[in-house]
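Residues per chain are reported as follows:
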2 protein chains.
Amino acid sequence: MRFSHVTVPTLREKPADAETASHELLIRAGMMRPAAAGIYSFLPLGALALARVENIVRDEMNAAGALEVALPTLHPSEPWIQSGRWQAYGPEMMRMKDRQGREFCLGPTAEEVITSIIARSAPSYRDLPINLYQIQTKFRDEIRPRFGLMRGREFRMKDAYSFHTSEEDLDREFKAMYGAYVSIAKRCSLETSVVEAATGLIGGSESSEFMVPSDIGEDVLVHCESCDYGANAEMEKHRPAIKMGEAAAGSLEEVHTPGMTSIEEVAGFMKTAQTSVIKCVLYVSGNEPVAVFVPGYRDVSESKLAMHLGTDDFHPMREDEIERYPDLAVGFVGPVGLDGVKTVFDSELKGVKGVICGANRSDYHLRGVEEERDFNAEPLFDVASVQEGDLCFKCGGALKLSRGIEIGHIFKLGLKYSEPLNAVFSDKSGELKPIIMGTYGIGTSRMLATVVEQHHDEAGIKWPRAVAPLPVEIIVLGTEDAKQVETALKLQADLKDRGLGVLYDDRDLSPGIKFNDADLVGLPLQVVIGKKLASDGTVDVKTRYTGLKSAFEVESAADMITRALDEAP
Amino acid sequence: MRFSHVTVPTLREKPADAETASHELLIRAGMMRPAAAGIYSFLPLGALALARVENIVRDEMNAAGALEVALPTLHPSEPWIQSGRWQAYGPEMMRMKDRQGREFCLGPTAEEVITSIIARSAPSYRDLPINLYQIQTKFRDEIRPRFGLMRGREFRMKDAYSFHTSEEDLDREFKAMYGAYVSIAKRCSLETSVVEAATGLIGGSESSEFMVPSDIGEDVLVHCESCDYGANAEMEKHRPAIKMGEAAAGSLEEVHTPGMTSIEEVAGFMKTAQTSVIKCVLYVSGNEPVAVFVPGYRDVSESKLAMHLGTDDFHPMREDEIERYPDLAVGFVGPVGLDGVKTVFDSELKGVKGVICGANRSDYHLRGVEEERDFNAEPLFDVASVQEGDLCFKCGGALKLSRGIEIGHIFKLGLKYSEPLNAVFSDKSGELKPIIMGTYGIGTSRMLATVVEQHHDEAGIKWPRAVAPLPVEIIVLGTEDAKQVETALKLQADLKDRGLGVLYDDRDLSPGIKFNDADLVGLPLQVVIGKKLASDGTVDVKTRYTGLKSAFEVESAADMITRALDEAP
């Protein structure tokens, strides 16, 4: 592949919207270009790197006995309506109508399509288990696409679906996929931490996420320092280190708190801790307000709330929506005497006494509030978010919070799709039973970005060998020097014979620019052909990952490069 | 791969909507399943066969020096508006809005996206030529999706885009792509005929189509029996064998023709030939009527009309639309005195004399009509369709009509996209000039169906070796016979070591069903392991394409099968 401004159009400037290293470097190194927010075109080197990652995924899926299929992008609405996800999915699902007015979505995942196929094939117990996967473009209309490939609206994903006659067999496959994912991450030079996770809109009884620890990760992870408990904060369980509202229950009293709508202000004014205040956060779901009550020192976990509401189609009440609900004293809403509004109470509020909450009257709070006596904390759920210092619900150890990038997610689905879509198998006695399912996703374009996130330096990308778009870049310094050019072309041909692709920089530019571009693009080995060729018959070879340089005699250069590659990270 | 009802869910019954062999067989052989009209899921064997075809395409494109990219599915409307195609495309383009209300289409081709990228990279003459391709899912909301993969709404296509500094260099690339397409078709065992074709909505100055001759082809091809002229009927040129309207020009006369709205009726009533009658076909384009006049013995070519109108967003006037245009005497529209309606005249109408046409008054025709004297045939275009018996415009030889399946289409685009999208390069003197472009498409899913169309018999598919999903099927007859099963598994392992994938039929079904399924699925070689294993130590091997059978000693079976495969078509 010839290095030119078009094939590899490198940029000196950081793109304005690039907040992460992978976003910046993949664009600056000419691997991709934005087409719209969260939608990217892969240029030749980016497409090669993506194919490398996807071939590793394909390889491990095939080794685990899964079979590749290719499902459509456009999914008709009918099976999605049957499964209930057409209704549960909010605006994140991209939808369209065809010229006949029939409704379709652009598949975010494909449980409905594949389960419909299996249902119609009416398998017997002999035909199961089966695991079908595809590597395909997927769509989610993220409200805030960002970090380049990390959170795109159009992205690449491997999705797999397995079908079983028993829970035990699903367990076996779940473990096999777990193993395959560990291998995939390892081959892509990614260290992962596996945590319990929310099943969300996919559903099912249990799921594990494969997380790459990273400060730019959008997921908060919870790990116990004493036992092996690890979970995504969006569904973790914890014990609070402090108990809220243990003051003696006084009598209920209304206090004038003009303009004090924050917990800080109220607690300060009342000369008490935030652990004595009930926080109310108002949401709107399906045009109806929802009042969510949590301890004053915590936030609402929207992912936990989504689980409890059974939809992700809700949002914090906006300024412009307030006037639609004139009965709500926004800023001063409390659980006492609150009627006609859907409520959700965090479990920590059960049995509180002597606490403060909004009085449902502008500029007033109540104090001396007692659960059961003054209001009933129902329905009661775990909807508050975890904090550093919370305790492990299993062993009482201290919980540590960290951030991670989710690259994979595997689920035990049980009957979530097979029941509504009537996917059954006939057992040994000929009886029809619902098929037990699992689903397994790994984001290949996100994984590509994560590799860059984990393997780069100030100068650019440091591709690990297994996912590098090409193994070698050859840089000719004397582009007018016939001997240098001839040597470069011969070396390129020799390496091609060994199955090693080359990026060839024959541009008539200064050595500095070419070296900088080589570091930016970050192929594992850089071969520099310059004046030393004439003086002592050698070429310089630099290992990008380590920065180490060697001089190889030109006659044995192809052999030495092959060997150096075997040793490269 | 294990043969089971789920992995390869074969069907005995022909699908109700299958009108072609490829549609029927790809479904019955368990290669694919419909998800919606014109939208298919590929099951494991179908996905393998598709990958085979696509790898041949990739291979030949790489050999021709093109570089693979991956462009998005969702294209923002802006560059499409700039190129004018957003407006020109009718309901065939699938469009949608994102949650912010921004408009996108699901890419039918990607000229706008790729040209925008090249434009922003501001290449110099040194960086060109370049040819970028992708193999990707494409979308066209066909009004009549049919023939399975032949005319789908979601389909797979390789699309390539080349960028040049001169017409001569585009010519060179056009020939290189022509050569690559010939090689691709040959490797896929498809015979092709290359014809001149309409550039349609893609645009440009010249294009060639790669056609596989077939009675189920949707394209009509025109070939001269005397010279090398060959073209798609949608844009062919011909000379009429008969000259219309050469009667002496009489005087204009109105004739009462009650209820006679067909050419046959009018010609019969007037005791003259259809060559003396002007046919009028009414269309509606953008809510405006268009009257198209052609010789009475010909039809309107809608593809030629699309070229002249510059859009394909028009349709023959429907019954329910007639009342919207009360000034039109529908059934009796003629060119004489027709005002306020857009008209198009076929070139053959220039200079006609003594002909008959509608009188623009219900139940009346005019006779003795003379062009120029009574009306002006303007604008004048070639909009009539060709007929068997027409003459070659080049040499006057007889034209033959036949049908073909279009698998590929290559275009010289010129400046069609680079001008509106401002894609320029700097030449040697630093001057900015528009980039000259070409575009090259080949339908990979359609090519897969075409392979089946051309290679099948009553019993099923006969996969040519190069595109067969797997090379070998092993059928064990005695599924309870440990020796037979052990031999099958060993042979499968031996073939795998040789890089040969196996479909293994170990189902507990009658030999007849298994043989029928093997013929239906149509892998190149069938290895039958049965009682002969015990009696004389042999297995039977059948070449699906020829039907020839041989007995191989079990010890040398893997070697013999490898050799037989080399000889298989």
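Remember, it's a predicted structure, so these values are computed and weren't measured experimentally.

Calculation notes
- Residues numbered from 1 in each chain as written.
- Chains lettered and ligands numbered in written order.
- Predicted model: local features only at pLDDT ≥ 70, side-chain atom pairs only at ≥ 80, totals over all residues.
- Helix = DSSP H or I, 4+ residues; strand = E, 2+ residues; numbered from the N terminus.
- Contact = placed C-beta atoms within 7 Å.
- Buried ≥ 20, exposed ≤ 12 C-beta atoms within 10 Å, placed from the backbone.
- Domains from an automatic or database assignment.
- Nonpolar A, V, L, I, M, F, W, Y, C, P; charged D, E, K, R; others polar.
- Pairing = 2+ DSSP bridges.
- Axes fitted to C-alpha atoms, helices over the stretch in contact; angles between N-to-C directions.
- Parallel < 35°, antiparallel > 145°, perpendicular 65-115°, else oblique.
- Left-handed = near helix turned anticlockwise from the far one by under 90°.
- Least-squares fit on C-alpha atoms with pLDDT ≥ 70 in both.

Asks: Explanation requested: the overall build of chain A in the structure shown.
Replies: Looking only at helices and strands, one finds 13 helices and 33 strands in chain A. Structurally, chain A occupies a C-alpha span of about 95 × 70 × 55 Å along its principal axes. Considering only residue pairs separated by 6 or more positions, chain A has 72% of its internal contacts joining residues 24 or more positions apart.

Asks: How should I be thinking about unusual backbone geometry in this particular structure?
Replies: Of note, the bond from A:E378 into A:P379 is cis; its omega dihedral lies within 30 degrees of zero at -10 degrees. Among the structural elements, A:P379 can be located in the loop between β20 (364-369) and β21 (380-381). Residue B:P129 follows B:L128 across a cis peptide bond; omega there is 5 degrees. Checked against the element boundaries, B:P129 lands in the loop between α5 (111-121) and β7 (130-139). Positive phi is not limited to glycine here, since A:N360 has a value of about 60 degrees. Taking the number of C-beta atoms within 10 Å as the measure of exposure, A:N360 has 21 and is therefore buried.

Asks: How should I be thinking about the domain arrangement of chain A in this particular structure?
Replies: Accessible area lost on assembly of the parts is the figure often given for the size of an interface. Taken as a whole, chain A is organised into domain 1 (48-203 + 413-445), domain 2 (253-381) and domain 3 (470-567). The centre of domain 2 of chain A, based on its C-alpha atoms, is set 66 Å off from the matching centre of domain 3 of chain A.

Asks: What should I look at first to understand the interface of chain A and chain B in this one?
Replies: Contacts between the two partners involve 44 residues from chain A, matched on the other side by 44 residues from chain B. Of all elements in the fold, only β1 (32-36), β2 (39-42), α2 (44-63), β3 (67-68), β4 (74-76), α5 (111-121) and β7 (130-139) of chain A reach the threshold of two or more residues within the side of chain A that touches chain B. Residue classes in the side of chain A that touches chain B are distributed as 28 nonpolar, eight polar and eight charged.

Asks: Would you take a moment to explain the sheet that holds strand β19 (residues 355-358) of chain B for this structure?
Replies: By way of backbone hydrogen bonds, the strands of a sheet pair with one another, either parallel or antiparallel. All names here are of chain B. Across the sheet, which stays open at both edges, the three strands sit in the order β14-β20-β19 with antiparallel pairing between neighbours. Only two strands of the sheet have a single neighbouring strand rather than two, namely β14 (253-256) and β19. Neighbouring strand axes in the sheet, compared pairwise and without regard to direction, differ in orientation by 30 degrees on average.

Asks: What am I meant to see in the packing of helix α2 (residues 44-63) of chain B against helix α9 (residues 444-454) of chain B here?
Replies: Between two packed helices, what matters for the description is the angle formed by their axes and the separation of those axes. All names here are of chain B. Here α2 crosses α9 at 115 degrees, and the two axes come no closer than 9 Å. With respect to α9, the element α2 is oriented roughly perpendicular. Like other packed secondary-structure pairs, α2 and α9 cross with a definite hand, here right-handed. Together, A49, L50, V53, E54 and V57 of α2 and T444, S445, M447 and L448 of α9 make up the contact between the two elements. Classifying every residue of the contact of α2 with α9 gives six nonpolar, two polar and one charged.

Asks: Any chance you could explain the pairing of strand β18 (residues 342-346) of chain A here in plain terms?
Replies: It is a general feature of regular strands that their side chains alternate between the two faces of the sheet. All names here are of chain A. Relative to β18, strand β16 (residues 288-295) runs parallel, the two being bridged by four bridges. Residue pairing across strands places F293 opposite F345, the latter belonging to β18. Across two bridges, β18 lies against β21 in parallel orientation. Pairing of D346 across the sheet is with F381, part of β21.

Asks: Before we go on, may I ask you to explain the environment of A:A488 in this structure?
Replies: Residues and elements named next belong to chain A. Structurally, the position occupied by A488 is in helix α10 (residues 482-497). Expressed as a C-alpha distance, the spacing of A488 and V539, which sit 51 residues apart in the sequence, is 9.9 Å. Setting aside chain neighbours within four positions, we find A488 in contact with I474, V476, Y504 and I529.

Asks: Help me understand the relation of the copies chain A and chain B, please; the structure alone is not making it clear to me.
Replies: Relating one copy of the chain to the other takes a rotation about an axis and a shift parallel to that axis. Of the transformation superimposing chain A on chain B, the axial component is 0.0 Å and the angular component is 180 degrees, with the fit at an RMSD of 0.3 Å. Look at the turn and shift together and you get a two-fold axis relating the two. Identified as the residue of chain A closest to the rotation axis by C-alpha distance is A:M96, at 2.9 Å. Residue by residue, 100% of the interface of chain A is reproduced at the interface of chain B, so both copies engage with the same surface.

Asks: Would you mind showing me how to read the sheet that holds β16(A) here?
Replies: All names here are of chain A. With mixed pairing, five strands are arranged side by side in an open sheet as β17-β15-β16-β18-β21. The sheet is open, and its two borders are formed by β17 (314-316) and β21, each paired with just one other strand. In this structure, strand β15 (residues 278-285) lies alongside β17, joined through three bridges in antiparallel fashion. Residue pairing in the sheet places V284 in a bridge with H315 of β17. Across the sheet, helix α8 (residues 302-309) lies against β15, β16, β17, β18 and β21, angled at about 125 degrees from β18, the strand it touches most.

Asks: Mind showing me how you'd approach the pairing of strand β26 (residues 436-443) of chain B here?
Replies: Residue and element names in this part refer to chain B. Among the eight residues in β26, eight count as buried, and that is most of the element. Neither face of β26 is exposed, since I436, G438, Y440 and I442 on one face and M437, T439, G441 and G443 on the opposite face are all buried. Pairing between strand β8 (residues 154-164) and β26: eight bridges, direction antiparallel. Across the sheet, the residue bridging to F163 is M437, located in β26. Summarising the sheet, strand β23 (residues 399-414) and β26 pair through six bridges and their orientation is antiparallel. Considered in β26, the bridge of F411 is made with T439.

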